[in-house]
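# Topology and contacts: notes
Letter by letter, the chains look like this.
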There are 4 protein chains.
Amino acid sequence: MLVVMQSHATPDEVAQVLEAIKHMNLTPHPMPGATRTAIGITGNVGAVDPRTLEVLPGVMELIRVTKPYKLASREMHEEDTYIEIRNPKSEIRKVQTIIGPKTFTLIAGPCSVENEAMISRTAEFLSERGVRLMRAGAFKPRSSPYAFQGLGLGGLEILSKVRRRTGIGIVTELMDTDNADAVEEVADIIQIGTRNMQNFSLLRRVAKSGKPVLLKRGMSATLEEWLMAAEYVMAGGNYNVVLCERGVRTFSDHSRNTLDLSVIPPVKHLSHLPILVDPSHGTGKRDYVAPMALASLAAGADGLLIEVHPEPNQALSDGAQSLDFAGFDRLLESLKRLAEALGRAIN
Amino acid sequence: MLVVMQSHATPDEVAQVLEAIKHMNLTPHPMPGATRTAIGITGNVGAVDPRTLEVLPGVMELIRVTKPYKLASREMHEEDTYIEIRNPKSEIRKVQTIIGPKTFTLIAGPCSVENEAMISRTAEFLSERGVRLMRAGAFKPRSSPYAFQGLGLGGLEILSKVRRRTGIGIVTELMDTDNADAVEEVADIIQIGTRNMQNFSLLRRVAKSGKPVLLKRGMSATLEEWLMAAEYVMAGGNYNVVLCERGVRTFSDHSRNTLDLSVIPPVKHLSHLPILVDPSHGTGKRDYVAPMALASLAAGADGLLIEVHPEPNQALSDGAQSLDFAGFDRLLESLKRLAEALGRAIN
Amino acid sequence: MLVVMQSHATPDEVAQVLEAIKHMNLTPHPMPGATRTAIGITGNVGAVDPRTLEVLPGVMELIRVTKPYKLASREMHEEDTYIEIRNPKSEIRKVQTIIGPKTFTLIAGPCSVENEAMISRTAEFLSERGVRLMRAGAFKPRSSPYAFQGLGLGGLEILSKVRRRTGIGIVTELMDTDNADAVEEVADIIQIGTRNMQNFSLLRRVAKSGKPVLLKRGMSATLEEWLMAAEYVMAGGNYNVVLCERGVRTFSDHSRNTLDLSVIPPVKHLSHLPILVDPSHGTGKRDYVAPMALASLAAGADGLLIEVHPEPNQALSDGAQSLDFAGFDRLLESLKRLAEALGRAIN
Amino acid sequence: MLVVMQSHATPDEVAQVLEAIKHMNLTPHPMPGATRTAIGITGNVGAVDPRTLEVLPGVMELIRVTKPYKLASREMHEEDTYIEIRNPKSEIRKVQTIIGPKTFTLIAGPCSVENEAMISRTAEFLSERGVRLMRAGAFKPRSSPYAFQGLGLGGLEILSKVRRRTGIGIVTELMDTDNADAVEEVADIIQIGTRNMQNFSLLRRVAKSGKPVLLKRGMSATLEEWLMAAEYVMAGGNYNVVLCERGVRTFSDHSRNTLDLSVIPPVKHLSHLPILVDPSHGTGKRDYVAPMALASLAAGADGLLIEVHPEPNQALSDGAQSLDFAGFDRLLESLKRLAEALGRAIN
């Protein structure tokens, strides 16, 4: 923490700030300069609301120096985190797939569970292609109360059945604490959606879960806020957090959201957690999914969330951004070629 | 809804789109032009995901025409909505204050409930000034898991006691459905925070409440998304929604958020709901609160949410943006003068 | 300037940074803390590109402490700047109006010069109302090459004639150095448009002019960048800079731009320059101009730029955001009432 | 163009809008619906300012349907544009390199011309690696008037000498019309910087040039505004426009700008012009350049602008985002491997 005094701050004002810092049980380091004094602060700064110093007379501004996240930071935990997903069918819970830097994990499937037939068909299609995790929502956050809200518990039942039968791992969204137990039972990875990234009650609930959490970036979350949301889950005892970039909100209107691939290198620099990209929500348009999927791999992401639907034009939600099976096969081909050139393995 | 064909779309492609529209039980209105054909669509368009048409061959883009909100829209309900808040102490529940265009309602108080003494002191101070609604959080959404999270149920108890004793109305935040009953019992207005504007489970829960809902704008919510969130509450049967602008997220870094006062006239144009402004969170700095409060009144808002604290520099949260009592008195003076010039009455 | 080392930076890495700082002729102030070392830097920091230090091994981040603007800053020049506009007709160049905190200056007129009759009519109308400055563009920056680009030099001639005849002061935009002499001759205030806020060649040119400069904020300019643009003009010797907020670009789509009234208090805090607001461009809609004009006055702006047109629905550009004369009269009434309540005088 | 009437618009109001449309020499197509009437408009809509209709009584909103750009649009010109750069040394002006979809063109070099030695060294290094275009600025747009502004005409002379000697093509920025002739003589591609994307006087000037134009995207330009800026150059007769994405301004603060790679597929969809990416300015940090460069190639860009400097830590500007020669070599290796997997050739 650094307090910058105004250039015409009086010695008394400086002294008052030094006092206030000591009063917080912190150590001030005054640093007189040609035009102004700055005061470094050391000690357990995290416990203090810095803005209180900012309003003292003679203070120009207050600059935070240390990052507020600990468990999510690479400084505290240098090695990359790998998330192990275990096989739903195997008695001894064999590791089915691992999310992390050495591989490139595909999670694919429809936006929402519509009926058992389409979930079965998709699970079988994906399994044949070697994809071991399927995404599909039973609870759907929709901006309109009049839009299809998902099948709810009935949707979870379908997922559970197909999961047991095919052995595919399930990634599905949890929207509220009321349904946490039900979702936890079916999901191999619990998804927290973009609108709930700062739903702290929900974060505290999944922190108590034994299941990995896929934490989508909030629509206007800074990287720090995103890592702080991960910190909520980790501080509660669940270290299995996978980040997922899905586009942020900007003035730019050529796509549904602005997919921020440039967040990948800083995430890797500041944190040890794996990061996936969701180009389907990021772009909102089927034709733009494949180029952004390839770019995600090239930029260093650890995998993708991709919407795939047996018949996208009949989908109850998000059909316009879903690939059909043939489209997914074409994308898979390109991803494999690219992954090979980059020395990575599709997972 | 309007489908715009590409300039070189073939007659076959146009015919296929007409078919698809009829197949959705809607009526197409083809409109051939010099360079391209556009196709108007009438019927119950709300039930359809328009983007499905967008991916048909020959289609350039799809333009939505009608607004997706109904109950919140002024088109459906021309007259302004007034929200009546009843006296907590009065047996017959007399109307204590009314939020709406004719008055200008002040809601003031500390960021969070810290202890009974400070809540009592603030309630008494406000009551003396004629302010009839006090804000104070028992549950605090904080971006860090290590920051003060509010006193929780203990905080609600304090609010309840002070409310019964002083008769001041309480505005307090609900963060999750688990605490809905407890908050509902104490609150005269239930606040939904900016991070929960699209927490649809929470919106559905307060829709069932008999208490008015203060719906803060999401940090990056468009006006349409905000009105759709209000629509969730109204569609569930609770028509007592008060909107509250509290700053949006932009590139601009001179204040904590960018307070979007220019949303007030469009809200008044498109909706019948009242709108308040929270300049404390909007600016994040005590010194900037008063000018923005005055500007909110001049711009046509129906009231304010203001952070006031007996000793801001000792506050456990948000002290830097809280006014002390003297500062609030100065602001109140200015607001009264301005309100008089505008033919409004402070409430 | 402050260099923050990583928590596991070695003593050697710290020593290397200290060396690098000394090598730049600056003084390092090492500040060891519990988890990491920070290094304060004093000396003439402005001359250095700080990011060079940031890439040294062991460095986590580099934090700039002092503001890069000097002449525009209130720290260097505590008193408010008042800009005097002299009477175009008076031989001895009497002061006609003063822009600054004590008054509230109106600058009104059409988007563009369309013909002499409409300019004359507007100038006479405004003069009758006591408005002493008229805005009107001869050169128009239009996003389409096919849209009306203004009358150019012919437009300037019209403005010059009407100015001499009526004595109204002229505010008109300069788009390039080629037309600087011509604009300078006619303009009492030279306007730099939002798209040219960082056209540094143009800023350097008007820095040499004796005429005051109205510097519109760039569409996505931070406050610091805006004040740095003012610094360009002032560093070149022209201290008569008037800032003008006109809306910034955000995700928000309910108005043409997001009028950032919350920039007014920080401008007043950080700089001594006067600031006007342009609610016509800020909102883009006639009906929203009056509430935002009143809010600007209440927020502490020093005046307004308002589009007024004798027949807005026939205007060649920006008709939808122009007031007609009756609308301007109504606004003027409200502004006067409000100004009186605030102890300000309309100018 | 589509006019949407309010749901309670009267038949008279509809009639009045039909009249107004005919008065503009356009054809109205009324489309009565269940709740409201919409009116399609055909004819030469581009000539009209649509917002004039929007303020008529009974009108709810006005929706533009056709794109305002023509020459830059793929609808008007289906085939991809290839830009040929000719050899500076060859008498008969042999084609040296071609920018367009089949290849992937690298343009590399220092931020600014600092002296002849470093320009020579860089040109030789690049030529050895097969890079045929070098970027280097003689005129530098800097946000501070006190920062290094480039060597100006002296810098151009250095570029000219090295160009003639080594045969490398030169990409250099033009900041104002005053220096247009001088820049035109040296440059093989004239760069228009992000701050000048809507400097329409400058665009009109380079429209008259025989040299290709590299048009950087404005910091907060929508895709449409960017293509309209290209349209300015093309409408003036210069069809050789290369677009360049370099990051946009958003709330996101983990990198200098938000590199918007998701703009690449829509550019390819809507326009026939080639598009490059500048990951150096986009990220602002050396370590993030390589992943974003690879992602640009994977996303379908036609090439890169990369900052390379013999000694980045001594650079007079932008050293922190420049690669050194070894870093460039490593990047080149990766690009080649990736390009091969994608069936493209580095150029």
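Notes on the structure follow. Note that the structure is predicted; figures quoted are calculated from it, not measured. Counting starts from 1 at the beginning of each chain's written sequence and moves along it residue by residue. Chain labels run from A onward and ligand labels from 1 onward, assigned in the order the entries are written. pLDDT decides what is reported in this predicted model: residues at 70 or higher carry local features, side-chain atom pairs at 80 or more are listed and counted, and totals for whole chains, interfaces and linings draw on all residues regardless. Water and hydrogen atoms were dropped before computing side-chain values, which therefore reflect all heavy atoms in the structure.

What describes a pair of aromatic rings is the distance from one ring centre to the other and the angle between the planes of the rings. Residues and elements named next belong to chain A. Geometry of aromatic contacts follows a simple scheme: Phe, Tyr and Trp rings, the Trp one being its six-membered ring, pair when their centres are within 6.5 Å, and the pair is stacked under 30 degrees between planes, edge-to-face over 60, tilted otherwise. Scanning the model with the defined rule gives 12 aromatic pairs over all chains in all. When the centroid spacing of 5.8 Å and the interplanar angle of 70° are considered together, the rings of Phe 125 and Phe 328 count as edge-to-face. On the criterion of sequence distance, the pair formed by Phe 125 in helix α3 (residues 116-128) and Phe 328 in helix α11 (residues 325-342) is long-range, its members being 203 residues apart. The same class applies to Phe 125 and to Phe 328, which are both buried. In textbook terms, an aromatic cluster arises when at least three aromatic residues are bridged by ring pairs, as seen for Phe 125, Phe 325 and Phe 328. We count a stretch as a helix when DSSP gives it H or I for four or more residues in a row; a strand needs E for two or more, and each element gets its number in order from the N terminus. Working definition: with a 1.4 Å probe on protein chains only, accessible area under 20% of the residue-type maximum means buried, over 50% means exposed, and in between means partly exposed.

Before going further, it helps to examine the relation of the copies chain A and chain D. Least-squares fitting of chain A to chain D yields an RMSD of 0.0 Å, with the transformation described by 0.0 Å of translation along the axis and a rotation of 180°. Taken together, the turn and the small shift mark the pair as related by a two-fold rotation axis. For chain A, the smallest separation between a C-alpha atom and the rotation axis is recorded for Ala 295 of chain A, amounting to 2.1 Å. Every residue pair with non-hydrogen atoms within 4.5 Å of one another is taken to be in contact. Take the interface residues of chain A: 100% of them recur as interface residues in chain D, which is what a same-surface contact looks like. Here the copies are matched by least squares. The fit uses the C-alpha atoms of residues with pLDDT of at least 70 in both.

Turning to the packing of helix α10 (residues 286-299) of chain A against α11 of chain A, a few remarks are in order. Residue and element names in this part refer to chain A. Axis lines are fitted through C-alpha atoms, for helices just across the contact stretch, and the angle between N-to-C directions can take any value from 0 to 180 degrees. For the pair α10 and α11, interaxial distance at closest approach is 10 Å and the crossing angle is 20°. Regarding the angle of α10 to α11, the classification is roughly parallel. The interaxial crossing formed by α10 with α11 has right-handed handedness. When α10 is examined against α11, the residues Ala 290, Ala 293, Leu 294, Leu 297 and Ala 298 are found in contact with a partner set consisting of Leu 331, Ser 334, Leu 335, Leu 338, Ala 339 and Leu 342. As a working rule, the residues Ala, Val, Leu, Ile, Met, Phe, Trp, Tyr, Cys and Pro are called nonpolar, Asp, Glu, Lys and Arg charged, and the rest polar, with Gly in that last group. For the contact of α10 with α11, the class distribution of residues is 10 nonpolar, 1 polar and no charged. Note on terminology: angles under 35 degrees are roughly parallel, angles over 145 are roughly antiparallel, angles of 65 to 115 are roughly perpendicular, and the others are oblique. If you view the pair so one helix is near and one far, a crossing is left-handed when the near helix is turned anticlockwise from the far one by less than a right angle, and right-handed when it is turned clockwise.

The next point concerns the interface of chain A and chain D. Contact with chain A, which involves 34 residues of that partner, is made by 34 residues of chain D. Approximately 2,800 Å² of surface area, both sides summed, lies buried where chain A meets chain D, with 72% of it carried by carbon and sulfur atoms. Simply put, the buried area is the total loss of 1.4 Å probe accessible area from both parts when two parts are fitted together. Considering only the side of chain A, the residues that lose the most area to chain D are Phe 251, His 254 and Tyr 288 of chain A, jointly responsible for 22% of the buried surface there. Between Lys or Arg on one side and Asp or Glu on the other, a salt bridge is scored when a side-chain nitrogen of the former is within 4 Å of a carboxyl oxygen of the latter. Between chain A and chain D we count 0 salt bridges in total.

In this model, Asp 318 of chain A sits at a positive phi of 60°, which is unusual for a non-glycine residue. Structurally, Asp 318 of chain A is set in the loop between β14 (303-307) and α11. In this structure, Asn 25 of chain C is a non-glycine residue whose phi angle is positive, near 65°. Take Asn 25 of chain C: it is sitting in the loop between α1 (11-23) and β2 (27-32). Taking relative accessible area as the criterion, Asn 25 of chain C reaches 72% and is therefore assigned exposed.

Attention now goes to the interface of chain C and chain D. Each partner contributes residues to the interface: chain C has 46 residues there, and chain D has 46 residues. The junction of chain C with chain D conceals about 3,800 Å² of combined surface from both sides, 48% of it contributed by carbon and sulfur atoms. Scanning the region where chain C abuts chain D turns up 2 salt bridges. Among the ionic pairs, Glu 225 of chain D bridges to Arg 249 of chain C, the shortest N-O distance being 2.5 Å. Side-chain atoms alone can form a polar contact between residues adjacent in sequence; in general such a contact is a pair of N or O atoms within 3.5 Å, and within protein one must be able to donate a hydrogen while the other accepts it. Put simply, chain C and chain D have 21 residue pairs in polar contact (both at pLDDT 80 or more) between them. Contributions of two or more residues to the side of chain C that touches chain D are made by α2 (51-54), α6 (200-207) and α7 (223-235) of chain C. Examining the composition of the side of chain C that touches chain D, we find that 5 residues originate from one element, α7 of chain C, more than from any other.

Attention now moves to the state of the cysteines. Any cysteine sulfur atom paired with another within 2.5 Å is treated as part of a disulfide. Scanning the model with the defined rule gives 0 disulfides over all chains in all. The closest cysteine sulfur to the non-disulfide-bonded Cys 111 of chain B is located on Cys 244 of chain B, 14 Å from its own sulfur.

Here we take up the pattern of salt bridges. Pairing between side chains becomes possible if they bear opposite charge and their charged atoms approach one another. For the structure shown, the criterion picks out 68 salt bridges over all chains. A salt bridge links Arg 129 of chain B to Asp 329 of chain B; its shortest N-O distance comes to 2.7 Å. Here Arg 129 of chain B is found in the loop between α3 (116-128) and β8 (133-135), whereas its partner Asp 329 of chain B is found in helix α11 (residues 325-342), with 200 residues between them in sequence. In this structure Arg 129 of chain B comes out as partly exposed when scored by relative accessible area, which is 28%. For Asp 278 of chain B, the salt bridge goes to Lys 216 of chain B, with nearest N and O atoms at 2.6 Å. Remark: Lys 216 of chain B occurs in strand β11 (residues 213-216) and Asp 278 of chain B occurs in the loop between β13 (275-277) and α9 (279-283); sequence separation between them is 62 residues. For the pair Asp 278 of chain B and Lys 216 of chain B, a shared accessibility class is recorded, and that class is buried. Residues joined in a network through salt bridges with shared partners are Glu 128, Arg 129 and Asp 329 of chain A.

A few words on the sheet that holds strand β2 (residues 27-32) of chain B. Within a sheet, each strand pairs with its neighbour through backbone hydrogen bonds, oriented either parallel or antiparallel. Residues and elements named next belong to chain B. Note on pairing: two strands pair once DSSP finds at least 2 bridges between them. The strand order across the open sheet built from 4 strands is β2-β3-β1-β4, with neighbouring strands paired in antiparallel fashion. One side of each edge strand has no neighbouring strand; the edge strands of this open sheet are β2 and β4 (59-63). Here the average twist between neighbouring strands, direction ignored, is 20°. With 3 bridges joining them, strand β1 (residues 2-5) and strand β3 (residues 37-42) adopt antiparallel strand pairing. Within β3, the residue paired with Leu 2 across the bridge is Gly 40.

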